[in-house]
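Working through the structure, step by step
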Amino acid sequence: MAHYTPMIQQYLKVKAEHQDAFLFFRLGDFYEMFFEDALKASQELEITLTSREGGGDEKIPMCGVPYHSAQSYIEQLIEKGYKVAICEQTEDPKQAKGVVRREVVQLITPGTLMEGRGLNDKENNYIASVTPFADNTFGLAYSDLSTGESKVTLLSNQFDEVLNELAVLGAKEVVIPSNFNGELQKQMRDRSAITLSFEDKDGTEESFSSLLLDLTQNKLKQTAARLFHYLYRTQKRSLDHLQSVSTYQIQQYLKIDYFSKRNLELTETIRSKGKKGSLLWLLDGTMTAMGGRMLKQWIDRPLIDKHEIIRRQNLVDTLIQHYFERQDLREKLKEVYDLERLAGRVAFGNVNARDLVQLKRSLTQIPFLKEIVRQFETEEAVELAEQLDPVEEVTDLLEQAIVDNPPLSLKEGNMIRDGYNAQLDQFRDASRNGKTWIAQLEQKEREKTGIKSLKVGYNRVFGYYIEVTRANLHLLQEGQYERKQTLTNAERFITPELKEKEALILQAEEKIGELEYELFTNIRETVKEYIPRLQSLAKNASKLDVLQCFAQVSEERRFVKPQFSEERRIVIKDGRHPVVEKVLNSQEYVPNDCYMDSEREVLLITGPNMSGKSTYMRQIALIAILAQIGCYVPANEAVLPIFDQVFTRIGAADDLISGQSTFMVEMLEAKNAITNATQNSLILFDEIGRGTSTYDGMALAQAMIEYIHNRIGAKTLFSTHYHELTVLEENLPKLKNVHVSAVEHNGKVVFLHKIKEGPADKSYGIHVAQLAELPNELIARAEEILQELEAEPMPQPSAVAIKEEYHEPSGQLSFFDEPKEIDQSHTPSAKEKRVLEQLKKLDILDMTPLQAMNTLYELHKKIKS
Ligand code: ADP
């Protein structure tokens with residue numbers, strides 16, 4: 001290292017402490033990168049790679065970005081999951097002896113973004129921390145630095161739960177101790193694009209101890225402390241907007257694992273991973289960005305506490321009944337700025353006067369909102385109205401202090417209102433008087449000299465001047481003005497008086513600039529004291545926004561208020577899949593009923609492919625979820641239990657990325673459902689067993705159905721194309737067959753999308769193939785083969801195999817009614833054939849018991865001989 005220049009040595013020293021980040025090293029007007037960083041950054045950012053002498057044997061690779069446009073380069077790197085350490089000069093180069101001192105002033109990481117295009121208005125940007133404990137539990141904390149909200153929870157000993165939470169949160173970055181299990185680190189990286197960061201400190205420190213006051217358990221404190229150590233270490237600036245950490249338990253919410261959420265397309269679609277086409281997209285009529293974020297949080301965590309659900313429902317009900325007031329609320333909410341993120345930026349110190357004007361405008365809407373809600377007079381509405389705190393102190397301050405249209409820059413003045421500060425008013429008077437004097441000067445001098453074209457002007461270099469055209473110069477008296485500048489057609493002059501006024505004006509303006517900046521910073525500091533109240537207002541305004549959006553969507557899309565059943569009953573009349581309905585346009589959508597109770601726990605759904613089986617199943621789950629977030633549901637009538645968990649196994653195309661075979665994923669998801677579901681859960685299994693051979697698949701499907709039916713009793717919708725399974729209804733009393741009807745019309749199949757009682761009567765596979773326009777010759781051949789196959793009966797699921805009580809696998813189930821000893825490949829001998837023929841011909845109803853016994857004896861003897 002010794003041979004490098006002092007500056008490169010400084011670089012290497014700083015870099016050694018930030019090995020996992022790109023080091024943006026400030027050199028004059030550029031941020032430069034060297035060595036490995038330069039090689040990698042020039043590729044990632046597509047910027048030119050150069051090199052410079054650095055004292056070593058070889059030139060050092062280097063690339064750089066201009067200081068003023070660095071933001072977009074930083075964002076590009078962050079989006080790709082990298083971290084960027086900003087290293088600034090922290091001493092005046094003029095004062096420096098030797099190399100200017102430089103320090104890292106901020107580490108920007110995917111989880112700590114405060115602004116810019118990496119932040120989506122309607123989405124939180126979470127950073128999480130995970131702490132493993134000796135008893136195999138995990139602590140998980142998360143925080144959105146842009147809004148200041150933090151939460152922490154303890155998860156049981158399955159790492160799956162951690163992965164699941166991280167996925168649900170969409171955490172961009174996870175902070176873990178450096179000795180964290182390597183295999184688990186890999187799982188986190190593989191599951192989604194998560195940036196891992198390390199922090200070994202987990203003790204409580206003065207700087208953030210107040211945030212942990214609500215936490216009683218040490219494990220929770222440790223987990224949250226790790227996150228804050230990391231945030232304080234990397235951000236190196238005021239984090240006063242961080243709210244105290246609250247605990248939550250995943251059991252407080254309807255549990256839906258990440259895969260099921262994805263399958264049901266709650267917040268993004270499976271194919272495009274975009275919001276469009278998801279339940280969130282359908283529901284999102286929120287008027288504010290913070291309302292949008294809350295809506296997503298609510299969809300991610302539906303409630304299970306009936307009381308809380310009903311409270312939301314009652315407010316939605318009220319809002320639906322008051323159409324005009326609701327439209328007023330929407331208009332007012334539209335004017336409400338993102339208070340939550342604004343509060344964060346106030347704390348960080350990066351708001352300008354325009355932001356504060358927006359804050360004021362937002363706050364002035366609150367009394368109107370409050371009044372409208374209060375007038376609804378229901379218990380919930382009055383309570384919500386009370387919680388809408390207009391923070392008048394801030395409104396008043398901003399109204400008095402800041403002008404309506406301030407400039408973007410904080411250094412130019414023109415932000416503070418006249419009358420707010422006496423000193424400022426004096427400076428302004430001085431400047432204005434000077435300017436008026438100058439304005440009058442032109443007229444005065446014109447009269448004095450008789451030169452009509454005489455002008456008074458200003459430029460940056462010479463200040464104020466009097467300009468006379470060359471043609472008129474002769475009208476001036478010798479020495480009347482002092483010559484300053486000569487142009488082609490004119491001369492510019494000054495007078496001592498003019499310069500005196502000019503000095504006054506400039507002095508006053510400089511002072512104005514300084515004073516305004518100082519006043520502005522004070523105002524910002526004052527607003528900072530109100531951050532907790534602003535954050536609480538933000539929460540309540542967001543809640544109102546989400547509830548009005550529920551009301552609006554429920555009315556527009558003809559939803560009804562669901563009732564909750566204590567007897568685990570589902571009654572849905574004319575239910576619809578809200579997203580498919582919206583996309584299809586409501587005329588074409590065929591609504592369907594669903595009835596389930598303690599006598600009908602499992603519905604076995606048969607019907608051809610594309611007939612609407614999985615749409616029907618998803619529709620039931622979406623209706624349940626909508627009900628549990630407090631929204632109305634797409635049906636004409638709905639009675640539902642409050643579910644504790646929803647499980648789905650609906651084939652998804654992209655299981656491949658995880659490297660596991662689709663069938664294995666299918667089995668893992670089935671296992672997840674079967675081991676965790678309770679009587680109060682909802683299970684949706686779509687075509688389970690399809691990924692393996694027919695007998696295998698059918699056997700597994702039947703065993704699962706029996707297990708759920710006999711052991712769990714969860715409400716289950718099971719779709720299958722194994723028509724053979726429909727006989728299960730005879731022996732499983734709580735299983736009912738339903739099917740999606742289809743009719744043949746002119747030899748083609750027409751799907752009616754209507755769910756009907758009973759099993760489907762025919763497989764329409766070939767017709768679907770025909771619809772897909774496979775060659776006619778091929779279709780004809782398939783029909784031929786089908787006829788041949790139908791002539792030989794398929795083995796049917798065995799009635800005896802179905803046990804009232806499920807036995808562990810030791811009791812080996814048999815699925816088909818051949819005795820085990822018979823080898824299925826065995827071809828009957830001539831003797832056996834004769835016995836069979838004789839058996840077939842018997843007319844048992846015409847025989848007496850004795851005759852039957854005798855015949856049986858005869859047959860037995862024949863076959864034994
Ligand atoms: P399956 O699971 O039986 O293969 P899907 O549920 O995927 O069938 O439905 C196939 C298509 O049928 C869907 O894409 C949808 O457009 C249409 N569909 C499903 N249910 C309905 C319905 N109730 N009304 C109108 N169209 C429907």
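Attention in this report is confined to the structure presented alongside it. (Residues numbered from 1 in each chain as written. Predicted model: local features only at pLDDT ≥ 70, side-chain atom pairs only at ≥ 80, totals over all residues. Heavy atoms only, no water.)

**Things to note about the overall build of the protein**
- A count of helices and strands for the protein gives 27 helices and 27 strands.
- Its C-alpha atoms give the protein a radius of gyration of 38 Å, more than 25% over the compact-globule value 29 Å for 865 residues.
- On the principal axes, the C-alpha backbone points of the protein span a range of 150 × 75 × 65 Å.
- Looking at the 865 residues of the protein, the share that counts as buried comes to 50%.
- Intrachain contacts of the protein at a sequence separation of at least 6 include 66% that bridge at least 24 residues.
- For the protein, the exposed surface amounts to about 42,800 Å²; the carbon and sulfur share of it is 50%. (Helix = DSSP H or I, 4+ residues; strand = E, 2+ residues; numbered from the N terminus. Rg over C-alpha atoms; globule rule 2.2 N^0.38 Å. Buried < 20%, exposed > 50% of the residue type's maximum accessible area, 1.4 Å probe, protein only. Contact = heavy atoms within 4.5 Å. Areas by Shrake-Rupley, 256 points an atom, 1.4 Å probe, with all protein chains shown as cover.)

**Here's the deal with the pattern of salt bridges**
- Here the structure, examined in full by the defined rule, presents 54 salt bridges.
- Through salt bridges that share partners, Lys360, Glu399, Asp404 and Arg417 make up one connected network. (Salt bridge = Lys/Arg side-chain N within 4 Å of Asp/Glu carboxyl O.)

**Topic: unusual backbone geometry**
- Unlike most non-glycine residues, Glu265 shows phi in positive territory, near 50 degrees.
- Tracing the backbone through its elements, the reader meets Glu265 in the loop between α8 (258–263) and α9 (279–283).
- Residue classification places Glu265 among the partly exposed residues on the basis of a relative accessible area of 22%.
- We note that Val391 has phi near 45 degrees; this positive angle belongs to a residue other than glycine.
- Checked against the element boundaries, Val391 lands in the loop between α15 (379–387) and α16 (392–401).

**A closer look at the sheet that holds strand β17 (residues 490–494)**
- Spatially, β14-β15-β17-β16 is the arrangement adopted by the four strands of the open sheet, whose pairing is antiparallel. The open sheet has two edge strands, β14 (455–459) and β16 (482–486), and neither has a second partner. Neighbour-to-neighbour, the strand axes of the sheet open up by a mean angle of 40 degrees, direction not taken into account.
- In this sheet, β17 lies alongside strand β15 (residues 463–469) in antiparallel orientation, the contact comprising four bridges. Bridge pairing links Ile466 to Phe493 in β17.
- Sitting on the sheet, helix α17 (residues 422–449) is in contact with β14 and β15, with an inclination near 140 degrees to β14. (Pairing = 2+ DSSP bridges. Axes fitted to C-alpha atoms, helices over the stretch in contact; angles between N-to-C directions.)

**Structural notes on the packing of aromatic side chains**
- If you walk through the whole model with that rule in mind, you get 20 aromatic pairs.
- With centroids separated by 5.7 Å and ring planes inclined at 45 degrees, the aromatic side chains of Tyr481 and Phe493 adopt a geometry described as tilted. Of this pair, Tyr481 sits in the loop between β15 and β16 while Phe493 sits in strand β17, and the two are twelve residues apart along the sequence. Both residues of the pair, Tyr481 and Phe493, belong to the buried class.
- By way of ring pairs, the aromatic residues Tyr4, Tyr11, Phe25, Phe34 and Phe35 are connected into one cluster.
- The ring of Tyr67 is capped by Arg26, whose NZ or CZ atom sits 3.8 Å from the centre of that ring.
- Over the face of the ring belonging to Tyr517 we find Lys411, whose NZ or CZ atom lies 4.9 Å from the ring centre. (Phe/Tyr/Trp six-rings, centres within 6.5 Å; stacked < 30°, edge-to-face > 60°. Lys NZ or Arg CZ within 6 Å of the ring centre and 35° of its normal.)

**Description of the site of the ligand**
- Close contacts around the ligand come from 13 residues, with Val590, Met610, Lys613, Ser614 and Thr615 the closest.
- Thr615 is positioned such that a nitrogen or oxygen atom in its side chain is 2.5 Å from an oxygen atom of the ligand.
- Within the side chain of His753, one N or O atom sits 3.5 Å away from a nitrogen atom of the ligand.
- Notes on the ligand: free accessible area 560 Å², of which the protein chains cover 78%.
- For the shell around the ligand, the leading source of residues is helix α21 (residues 613–628), giving three residues.
- Split into classes, the residues belonging to the shell around the ligand amount to five nonpolar, six polar and two charged. (Near = heavy atom within 4 Å. Polar contact = N/O pair within 3.5 Å; in protein donor to acceptor, adjacent residues only side chain to side chain. Nonpolar A, V, L, I, M, F, W, Y, C, P; charged D, E, K, R; others polar.)

Everything listed here is a matter of coordinates, which is why it stays silent on function.
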